[in-house]
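Chain and residue survey
The residues making up each chain are set out below.
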Amino acid sequence: MHISSGRWVYGLFLALLTAFLWGILPIKLKQVLLVMDPVTVTWFRLMVSGGCLFIYLASVKRLPSRKVLGPKGGWLVLMAVLGLVGNYVLYLMGLNLLSPGTAQLVVQMGPIMLLIASLFVFKERFSIGQGIGLAVLLIGFGLFFNQRLAELLTSLSDYTAGVLLVLLASTVWTFYALGQKQLLTVWNSLQVMMVIYLFCALLLTPWVHPLEALNLSPLQGWLLLACCMNTLIAYGAFAEALAHWEASRVSATLAITPLVTFAAVAIAARVWPEYVHAEQINALGYGGAVLVVLGSALVALGPSLMAGLRARRLKMAAS
């Protein structure tokens, strides 16, 4: 079992950096999607990130070996590749129909679905604390969508389609996460990401239109580059955070990502109103967003919180 280094301040900084980068990503993607289609944007992000990782690993002579994968390794790579491609493309299709904040909030269902899948695949336990967190999260979603709940449940509007696409993106992301978790037993995180990114880009190549990049304005061009580097730096910071801090605490910190998006949209709408529009959400909706974040954090911290509570009770009983 991996043991964190104990440098929790550094781990917290890296987790907050990841949350910030993931939080501002939808705003940048929204501008690029005005000119380029979701598949081509995804291809650029994967090619740049995978290419950078390939150059680095080749320079330090640590390229992944096919021999260590074993007979089932190829299927794990395929599952992870299809899961990540589906997640990236479906998320961008949904983002085209939603505001950045709404899309980022719905994505919070991804880790929840991974938790549920882990109960069956890895036989992990579901604690009472996690159950409370899941209930808080679902209540939060109900409050967040209070203005458009009838529309979501009774019609297939663009808004409903966007929410369903992002939910589907979160669902297929679960397959990527499960595949990656198994691959980490034979490769390190950088090797896994390089292989998955490059294979994903190769899979998308027949459907991409790279010349669309020539139609981008200078600002949109820089934003596309920023999206590509965001993919590389954010996942690198996330992997490094796990090396220095407990996974549950990193996950709980990342739960604030939607709040970062809402704050970034509010600031950008004031500074660049011609490019970014403010979120159309009432006070109840913002309260629901906070509950979703709290619920996500409780789901991540549930096991450690319950273990701490049990240890406190035993200590009190012994004294």
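Just so we're clear, the structure is a prediction, and the values are computed from it rather than from any experiment.

A few words now on the overall build of the protein. Along the backbone of the protein there are 13 helices and 0 strands. Ordered by position in the sequence, the α and β elements of the protein form the string α-α-α-α-α-α-α-α-α-α-α-α-α. Taken over the C-alpha trace, the protein has a radius of gyration of 20 Å; the compact-globule value for 319 residues is 20 Å, and the two agree within 12%. Each of the three principal axes of the protein carries a C-alpha extent, and together these read 70 × 55 × 35 Å.

Moving on, we get to helix 1 (residues 8-32). End to end, helix 1 covers 36 Å across 25 residues, agreeing with the expected 36 Å (1.5 Å per residue, within 8%). Of all bends in helix 1, the biggest is about 30°, found at Leu25, and the proline Pro26 comes one to four residues later.

Moving on, we come to the packing of aromatic side chains. Tallied over the entire structure, the rule returns 9 aromatic pairs. Centroid distance Trp43 to Phe44: 5.2 Å. Interplanar angle 80°. Geometry classified as edge-to-face. Overall, the relative accessible area of 19% leaves Phe44 in the buried class. Of the aromatic side chains, those joined through ring pairs into one cluster are Phe141, Phe144, Phe145, Tyr159, Phe262 and Tyr286. Over the aromatic face of Tyr159 sits the side chain of Arg148, whose NZ or CZ is 3.8 Å from the ring centroid.

This brings us to unusual backbone geometry. Unusually for a residue other than glycine, Lys61 sits at a positive phi of about 55°. Inspection of the secondary structure puts Lys61 in the loop between helix 2 (38-59) and helix 3 (73-95).

A few words on a nonpolar patch on the surface. Residues Leu219, Ile267, Val271, Trp272 and Tyr275 make up a contiguous nonpolar surface patch of about 510 Å² in total accessible area. Within the secondary structure, Leu219 sits in helix 10 (residues 218-244).

Another aspect to go through is the pattern of salt bridges. Applying the stated criterion to the full structure yields 1 salt bridge. A salt bridge links Glu151 to Arg148, with the shortest nitrogen-to-oxygen separation between them at 3.0 Å.

For helix 12 (residues 257-271), built from 15 residues, the straight-helix expectation of 21 Å at 1.5 Å per residue is met to within 8% by its first-to-last C-alpha distance of 21 Å. The complete set of buried residues in helix 12 reads Thr257, Pro258, Val260, Thr261, Phe262, Ala264, Val265, Ala268 and Ala269.

A separate point is the environment of Ala237. Looking at the secondary structure, you find Ala237 in helix 10. Overall, Ala237 belongs to the buried group, its relative accessible area being 6%. Residues Ala237 and Leu17 lie 220 residues apart in sequence; the distance between their C-alpha atoms is 7.1 Å. If we skip the residues at most four places from it in the chain, Ala237 touches Leu14, Leu17 and Thr18.

Relative to the helices and strands, Gln108 is located in the loop between helix 4 (100-106) and helix 5 (109-121). You can call Gln108 buried: its relative accessible area is 10%. Ignoring sequence-local partners within four residues, the contact set of Gln108 consists of Ala255, Pro258, Val292 and Ser296.

We now examine the environment of Val9. Take Val9: it is sitting in helix 1. The class of Val9 is exposed, set by a relative accessible area of 53%. Sequence separation between Val9 and Ala241 is 232 residues, and the spatial gap between their C-alpha atoms is 9.8 Å.

Helix 10 packs onto helix 2 with a crossing angle of 50° between their chain directions and a minimal axis gap of 8 Å. By the criterion of interaxial angle, the relationship of helix 2 to helix 10 is oblique. In this structure, the crossing between helix 2 and helix 10 has a hand that is right-handed. On helix 10, the residues that touch Val41, Phe44, Arg45, Val48, Ser49, Cys52 and Leu53 of helix 2 are Leu224, Cys227, Cys228, Met229, Thr231 and Leu232.

Let us now look at the packing of helix 1 against helix 3. For the pair helix 1 and helix 3, the least separation of the axes is 10 Å and the interaxial angle reads 75°. With respect to helix 3, the element helix 1 is oriented roughly perpendicular. Residues Pro26, Leu29 and Lys30 of helix 1 form the contact with helix 3, whose participating residues are Tyr91, Leu92 and Leu95. Its residues placed into classes, the contact of helix 1 with helix 3 shows 5 nonpolar, no polar and 1 charged.

To continue, consider the side chain of Arg45. Residue placement: Arg45 occurs in helix 2. Although Arg45 is buried, it forms no salt bridge, and the closest oppositely charged side chain is Asp37 at an N-O distance of 12 Å. Side-chain polar atoms of Arg45 contact the side chain of Thr231, separated by 3.1 Å. Each residue touching Arg45, except ones within four places of it in the same chain, is listed here: Leu25, Leu29, Tyr88, Cys227, Cys228 and Thr231.

What counts as what
- Residues numbered from 1 in each chain as written.
- Predicted model: local features only at pLDDT ≥ 70, side-chain atom pairs only at ≥ 80, totals over all residues.
- Heavy atoms only, no water.
- Helix = DSSP H or I, 4+ residues; strand = E, 2+ residues; numbered from the N terminus.
- Rg over C-alpha atoms; globule rule 2.2 N^0.38 Å.
- Expected span 1.5 Å × (residues − 1).
- Bend = angle between axes of the 7 residues up to and from the residue.
- Phe/Tyr/Trp six-rings, centres within 6.5 Å; stacked < 30°, edge-to-face > 60°.
- Buried < 20%, exposed > 50% of the residue type's maximum accessible area, 1.4 Å probe, protein only.
- Lys NZ or Arg CZ within 6 Å of the ring centre and 35° of its normal.
- Patch = residues over 30% accessible without salt bridge, like charges linked within 9 Å, V, L, I, M, F, W, Y side chains within 5 Å.
- Areas by Shrake-Rupley, 256 points an atom, 1.4 Å probe, with all protein chains shown as cover.
- Salt bridge = Lys/Arg side-chain N within 4 Å of Asp/Glu carboxyl O.
- Contact = heavy atoms within 4.5 Å.
- Axes fitted to C-alpha atoms, helices over the stretch in contact; angles between N-to-C directions.
- Parallel < 35°, antiparallel > 145°, perpendicular 65-115°, else oblique.
- Left-handed = near helix turned anticlockwise from the far one by under 90°.
- Nonpolar A, V, L, I, M, F, W, Y, C, P; charged D, E, K, R; others polar.
- Lys, Arg positive; Asp, Glu negative; His and termini not counted.
- Polar contact = N/O pair within 3.5 Å; in protein donor to acceptor, adjacent residues only side chain to side chain.

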